[in-house]
Amino acid sequence: MTHDVIILGAGAAGLFCAATAAARGRRVLVLDHAEKPGKKILISGGGRCNFTNLHTAPDRYLSENPHFARSALSRYTPADFIALVDAHGIAWHEKTLGQLFCDSSARQIVDMLLDECAKGGAQVRCNSPIRAVRHADGLFQVEAGEGTFAAPSLVIATGGPAIPKIGATGFAYDLARQFGLKVVQPRPALVPLTLPGEAALFRELSGIAAPVEAACGKARFAEAALFTHRGLSGPAILQVSSYWQRGEAVRIDFLPGRTGDWLLDAKRQRPRAALRSVLAEALPERLATALAEQIGLSAEMGNLPDKALRAAQARLRAWEFMPNGSEGFAKAEVTAGGISTAELSQATMEARKVPGLFAIGEAVDVTGWLGGYNFQWAWASGHAAGMAA
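Basis of the calculations
- Residues numbered from 1 in each chain as written.
- Predicted model: local features only at pLDDT ≥ 70, side-chain atom pairs only at ≥ 80, totals over all residues.
- Heavy atoms only, no water.
- Helix = DSSP H or I, 4+ residues; strand = E, 2+ residues; numbered from the N terminus.
- Buried < 20%, exposed > 50% of the residue type's maximum accessible area, 1.4 Å probe, protein only.
- Areas by Shrake-Rupley, 256 points an atom, 1.4 Å probe, with all protein chains shown as cover.
- Core = buried A, V, L, I, M, F, W, Y, C linked by side-chain atoms within 4.5 Å.
- Contact = heavy atoms within 4.5 Å.
- Pairing = 2+ DSSP bridges.
- Axes fitted to C-alpha atoms, helices over the stretch in contact; angles between N-to-C directions.
- Left-handed = near helix turned anticlockwise from the far one by under 90°.
- Nonpolar A, V, L, I, M, F, W, Y, C, P; charged D, E, K, R; others polar.
- Arc of directions from axis to C-beta.
- Parallel < 35°, antiparallel > 145°, perpendicular 65-115°, else oblique.
- Polar contact = N/O pair within 3.5 Å; in protein donor to acceptor, adjacent residues only side chain to side chain.

Draft legend 1. Just the overall build of the chain, in detail. For the chain, the count of helices and strands is 13 helices and 22 strands. Overall size of the chain, expressed as C-alpha extent along the three principal axes, is 85 × 40 × 35 Å. Per-residue burial over the chain gives 54% buried out of 389 residues. Roughly 16,200 Å² of accessible area belongs to the chain as shown, and the carbon and sulfur atoms make up 51% of that amount.

Draft legend 2. Representation of the nonpolar core within the structure. Ile109, Phe254, Trp377 and Trp379 are the most contacted members of the largest nonpolar core, which totals 127 residues. Counting residues per element, this core draws most heavily on helix 1 (residues 12–23), which supplies nine residues. Among all residues touching Trp377, those that are not within four sequence positions of it are Tyr61, Phe68, Ala69, Ala72, Leu73, Met349, Gly361, Val364, Val366 and Gly382. Ala189, Leu238, Ala336 and Leu370 belong to the second largest nonpolar core, which has six residues in total.

Draft legend 3. A look at the sheet that holds strand 2 (residues 28–31). Ordered in space as 7-2-1-11-21, the five strands form an open sheet in which the pairing is parallel. The open sheet has two edge strands with one neighbour each: strand 7 (123–125) and strand 21 (357–359). Within this sheet the neighbouring strands show an average axis-to-axis angle of 20°, counted without direction. In this sheet, strand 21 lies alongside strand 11 (residues 153–156) in parallel orientation, the contact comprising three bridges. Bridge assignment links Val155 to a residue of strand 21, and that residue is Phe358.

Draft legend 4. Just the sheet that holds strand 6 (residues 99–102), in detail. Taken in spatial order, the three strands of this open sheet run 3-6-5, and their pairing is antiparallel. Each having just a single partner strand, strand 3 (50–53) and strand 5 (92–94) make up the two edges of the open sheet. Each neighbouring strand pair of the sheet contributes to a mean axis angle of 25°, computed without reference to strand direction. Of the pairings in the sheet, the one linking strand 3 to strand 6 comprises three bridges and is antiparallel in character. In the sheet register, Asn50 faces strand 6, and the bridge partner there is Phe101. Helix-sheet contacts for helix 4 (residues 78–87) involve strand 3, strand 5 and strand 6, and the interaxial angle to strand 3 is about 140°.

Draft legend 5. Broad picture of the packing of helix 1 against helix 13 (residues 373–386). Taken N-terminus to C-terminus, the directions of helix 1 and helix 13 make an angle of 35°; their axes are 8 Å apart at the nearest point. The interaxial crossing formed by helix 1 with helix 13 has right-handed handedness. Of the residues in helix 13, those in contact with Ala12, Ala13, Phe16, Cys17, Thr20 and Ala21 of helix 1 are Phe375, Ala378, Trp379, Gly382, His383, Ala385 and Gly386. Classifying every residue of the contact of helix 1 with helix 13 by side-chain character gives nine nonpolar, four polar and no charged.

Draft legend 6. A look at the environment of Gly217. Its location among the elements puts Gly217 in the loop between strand 14 (209–216) and strand 15 (219–227). A residue is classified by how much of its surface remains accessible, and Gly217, at 42% relative accessible area, is partly exposed.

Draft legend 7. A look at helix 6 (residues 171–178). Those residues of helix 6 that fall on the buried side of the exposure criterion are Ala172, Tyr173, Leu175 and Ala176. Within helix 6, the buried residues cover an arc of 165° as seen down the axis, which keeps them to one side. For helix 6, the elements touching its buried residues are strand 1 (5–8), strand 8 (130–136), strand 11, strand 12 (183–189) and strand 20 (334–339). Downstream of helix 6 by a residue or two, Gly180 has a phi angle that is positive, lying close to 80°.

Draft legend 8. Examining the environment of Ala236 more closely. If you trace the backbone, Ala236 turns up in helix 8 (residues 235–241). The spatial distance from the C-alpha of Ala236 to the C-alpha of Ala347 is 32 Å, given a sequence separation of 111 residues. Residues contacting Ala236, with those up to four places away along its chain left out, are Val212, Ala214, Phe221, Glu223 and Ala224.

Draft legend 9. Region of the structure containing the packing of helix 11 (residues 285–295) against helix 12 (residues 306–317). Where helix 11 contacts helix 12, the axes come no closer than 11 Å and their chain directions differ by 125°. In terms of orientation, helix 11 and helix 12 fall into the oblique class. Crossing of helix 11 over helix 12 shows right-handed handedness. When helix 11 is examined against helix 12, the residues Leu291, Gln294 and Ile295 are found in contact with a partner set consisting of Ala312, Arg315 and Leu316.

Draft legend 10. Spatial organisation of the pairing of strand 10 (residues 147–151). Here strand 10 shows one buried face, formed by Gly147, Phe149 and Ala151, and one open face, formed by Thr148 and Ala150. As judged from the five bridges shared by strand 9 (residues 139–144) and strand 10, these two strands associate in the antiparallel manner. Paired with Phe140 across the strands is Ala151, a residue of strand 10. Between the end of strand 9 and the start of strand 10, which pair antiparallel, lie two residues, with Gly145 showing a positive phi angle near 60°.

Draft legend 11. Inspection of the pairing of strand 9 at higher detail. Here strand 9 shows one buried face, formed by Phe140, Val142 and Ala144, and one open face, formed by Leu139, Gln141 and Glu143. Judged from the six bridges that link them, strand 8 and strand 9 form a sheet pairing that is antiparallel. Looking at the pairing, His135 lines up with Phe140 of strand 9. Between strand 8 and strand 9, which pair antiparallel and follow one another directly, the connecting turn spans two residues, one of which, Asp137, has a positive phi of 55°.

Draft legend 12. Looking closely at the side chain of Ser242. Within the element layout of this structure, Ser242 appears in the loop between helix 8 and strand 17 (250–253). Within polar-contact distance, the side chain of Ser242 engages the backbone nitrogen of Leu190 at 3.3 Å. Residues within four places of Ser242 in sequence aside, it is in contact with Leu62, Arg187, Ala189 and Leu190.

And the structure:
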């Protein structure tokens, strides 16, 4: 037998798991159907890879078990990954909200991971589509590419179906079900939301962005929202999309910072102004005009009843949109749902029912916020499995 560990998937989680296991002296083979490793890493963060977030914490992840990620995240932290990045001489910067990016290129992160794999002797084979996986007599047999490989440990690190144009599939779920593991219904996350025809007025604002606070249920995010020809996007919308369920409203506070009766104050200070002009002081003019038209108060501020202005304030603080869907896996940055955490050890990521079988990264029902959280989960879960496989 030539391998101790076979890892399916040469993405962030798979490569990091391989490097971790190889550093322990394990004989590691990574198999991937793509022609090159780390394809999702290369396109992330506008090509600069938002490789972690300084504010990583378990409450910034969605899962049927909200406590599952705690163990792995506590044992491999953003500081640990930053130390590795620094050791490889990769320059980085904090953009906003704890998001860390390479100064130069995401290629540096892929090269770093491949260097770490090579250092421990892990083999990475691309252009090796998986044809079959079997388990017998304590060994996993994998038919891939031109050969058949065997090892006592197998790691599922093939991600989810988000971004199919780079080869993403639901292979991980099929394999999990083959071994009797439950799968939480996968759905697109960190994805633009679409609006129905009656919201056409806002579709005319395509390309306009504004800082807002978007909310869905108890989740709230203060970042930019972007109007598109199909609906709503931008960081604030991508964040709430992970929490959104069909039939729910998304509420937007268009002027987050404005408190009290600020429109009544504006009425006293600028009685001759139109509501549109008052809103345009804080919002893009076309957006201010559209909102004012929807509110329907066309008179000068001084002639508007206080009650009407208070109603306008309330609506601007919680403007309801009823999305009719999302732009799907094609535009989703990640997949929510996946292999159920109830099937896995939170310490090692090993399947409880199938000794030697592990699942990590996006394949698992753990989904982070926008901004480097999903990469940190890839490193943390990959490290947990790599220390145990």
